[in-house]
Amino acid sequence: MTHWFHRNPLKATAPVSFNYYGVVTGPAASKICSDLKSSRARLLELFTDLSCNPEMMKNAADSYFSLLQGFINSLDESSQESKLRYIQNFKWTDTLQGQVPSAQQDAVFELISMGFNVALWYTKYASRLAGKENVTEEEAKEVHRSLKIAAGIFKHLKESHIPKLITPAEKGRDLEARLVEAYIIQCQAEAQEVTIARAIELKHAPGLIAALAYETANFYQKADHTLSSLEPAYSAKWRKYLTLKMCFYTAYAYCYHGQTLLASDKCGEAIRSLQEAEKFYAKAEALCKEYGETKGPGPTVKPSGHLFFRKLGNLVKNTLEKCQRENGFIPNPSQKKW
């Protein structure tokens, strides 16, 4: 099953030379600084390389972060921080606030910002893979795995590194708790979309699919609520996506719940459930149009024309018609027609 995911742009950064004349002495130290510069450049290069795969990304990230640790933690394995932590100024833009950079003279800020981009890369890789016409079982597993890795990175940054910043994250910036949490929840919701698609392909019980869809809709609603106090100029498009996905999976939940009711000969209730599915599908369709017209970070696309969206519309329509036919042929006079 093909998917469509909204993606915010990657963070951009200023070049860093890691040249510390008069501070760094000796060939070994100079070699470390040279390796830092090249490994950073390599990692930044891979973010936009479409041939990059998760193994390449992991190796490049591990290489850079292992060297950067020397600027954060003391080499004698004590609990003290490195004397080099505040030697270099780092500049990074935001995913929502475009080309307006944030700057901190702190290696922890660099670790968090670069880690944030690594997590974003995993979400973008998952999106490219999931958007293919025919996604194989192995590719679906790779999408799910990539989204879980991304969520794990965001969570680790939020819990273990962002609290260590000397200068707290500015309101509405990427490293603020609300934004990081929204990214975590979105990753969880999209990973569950893959689980739902797999359950449908394997023809699992409609009741199970309905429950998964309802939980996914709740994830999207929670992510949207997390962003509710942000400046609309930056967050409106992202929030349209989260709301339309909430409506979309609520429609899915009502549709498959209706199938469960129909299987239990509860035709009237099944029809009511499918009518609710129609309502939420119509809301999602309207939000798709609004999403395409809303300015802000993210792609300019028409989600309503996407295969994943059209398939649900047909499913709701056909299931409702089946319920209405079944309701017209109830042999038991004690059962009221809808």
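The rules behind the values
Residues numbered from 1 in each chain as written. Predicted model: local features only at pLDDT ≥ 70, side-chain atom pairs only at ≥ 80, totals over all residues. Heavy atoms only, no water. UniProt positions renumbered as here; feature names shortened; annotations may be inferred. Helix = DSSP H or I, 4+ residues; strand = E, 2+ residues; numbered from the N terminus. Contact = heavy atoms within 4.5 Å. Areas by Shrake-Rupley, 256 points an atom, 1.4 Å probe, with all protein chains shown as cover. Salt bridge = Lys/Arg side-chain N within 4 Å of Asp/Glu carboxyl O. Buried < 20%, exposed > 50% of the residue type's maximum accessible area, 1.4 Å probe, protein only. Axes fitted to C-alpha atoms, helices over the stretch in contact; angles between N-to-C directions. Parallel < 35°, antiparallel > 145°, perpendicular 65-115°, else oblique. Left-handed = near helix turned anticlockwise from the far one by under 90°. Nonpolar A, V, L, I, M, F, W, Y, C, P; charged D, E, K, R; others polar. Polar contact = N/O pair within 3.5 Å; in protein donor to acceptor, adjacent residues only side chain to side chain. Domains from an automatic or database assignment. Buried area = accessible area lost by both parts, 1.4 Å probe. Expected span 1.5 Å × (residues − 1). Bend = angle between axes of the 7 residues up to and from the residue. Arc of directions from axis to C-beta.

Going by what an unreviewed UniProt entry lists, the protein is known as BRO1 domain-containing protein BROX and is assigned to Rhinolophus ferrumequinum. UniProt lists a comment for the protein under the heading Sequence similarities (unreviewed entry), and it reads "Belongs to the BROX family."

## Section: the overall build of the protein
The helix and strand inventory of the protein stands at 9 helices and 2 strands. If you line up the protein on its principal axes, its C-alpha atoms span 95 × 40 × 35 Å. Of the contacts made within the protein by residues no fewer than 6 positions apart, 72% connect residues no fewer than 24 positions apart. Carbon and sulfur atoms make up 54% of the accessible area of the protein, which totals about 16,700 Å².

## A look at the pattern of salt bridges
Within this structure, the stated rule accounts for 24 salt bridges. Notably, a salt bridge pairs glutamate 159 with lysine 155, separated by 2.8 Å at the nearest N-O pair. Of this pair, glutamate 159 and lysine 155 are both found in helix 4 (residues 137–161), 4 residues apart, which corresponds to roughly one turn of the helix. Lysine 155 sits in the partly exposed class, given a relative accessible area of 42%. Here glutamate 176 makes a salt bridge to arginine 178, at a shortest N to O gap of 2.8 Å. Residues participating in the shared-partner salt-bridge network are Lys11, Asp94, Glu170, Arg173 and Asp174.

## Topic: the packing of helix 4 against helix 5 (residues 177–201)
Packing of helix 4 against helix 5 leaves a shortest axis separation of 9 Å and a crossing angle of 160°. Judged by the inter-axis angle, helix 4 sits roughly antiparallel to helix 5. As for the relative orientation of helix 4 and helix 5, their crossing is left-handed in sense. Here Glu137, Ala140, Val143, His144, Leu147, Lys148, Ala150, Ala151, Phe154, Lys155 and Lys158 of helix 4 lie close against helix 5, whose contacting residues are Ala177, Val180, Glu181, Tyr183, Ile184, Cys187, Glu190, Ala191, Val194, Thr195 and Arg198. Classifying every residue of the contact of helix 4 with helix 5 gives 13 nonpolar, 2 polar and 7 charged.

## Notes on the side chain of serine 113
Residue placement: serine 113 occurs in helix 3 (residues 107–130). Each residue touching serine 113, except ones within four places of it in the same chain, is listed here: Lys11, Trp92 and Leu175.

## Brief notes about the environment of glutamate 139
Position of glutamate 139 among the secondary structure elements: in helix 4. In this structure glutamate 139 comes out as buried when scored by relative accessible area, which is 17%. Between the C-alpha atoms of glutamate 139 and glutamine 80, which are 59 residues apart in sequence, the distance is 44 Å. Beyond its immediate stretch of four places on either side in the chain, glutamate 139 contacts Leu129, Lys132 and Asn134. Within polar-contact distance, the side chain of glutamate 139 engages the side chain of lysine 132 at 2.3 Å.

## So, the domain arrangement of the protein
For the protein, the assigned domains are domain 1 (1–203) and domain 2 (213–328). Each of domain 1 and domain 2 has a C-alpha centre, and these two points are 31 Å apart. Residue-level contacts link 29 residues of domain 1 with 31 residues of domain 2. When the two sides are added together, the surface that domain 1 and domain 2 hide from each other amounts to roughly 2,700 Å², 68% of it contributed by carbon and sulfur.

## Looking at helix 7 (residues 232–263)
Given 3.6 residues per turn, any residue in an α-helix points the same way as the ones three and four places further on. Counted at 1.5 Å a residue, the expected span for helix 7 with its 32 residues is 46 Å, and the 45 Å between its end C-alpha atoms agrees. Largest kink in helix 7: about 30°, centred on tryptophan 238. Just downstream of helix 7 lies aspartate 265, where phi reads positive at about 60°.

## Details of helix 1 (residues 27–47)
With 21 residues, helix 1 ought to run about 30 Å at 1.5 Å a step, and its terminal C-alpha atoms sit 31 Å apart, in line with that. Of all the residues in helix 1, the buried ones are Cys33, Leu36, Ser39, Arg40, Leu43, Leu46 and Phe47. For helix 1, the buried positions fall inside an angular range of 155° around the axis, keeping them on one side.

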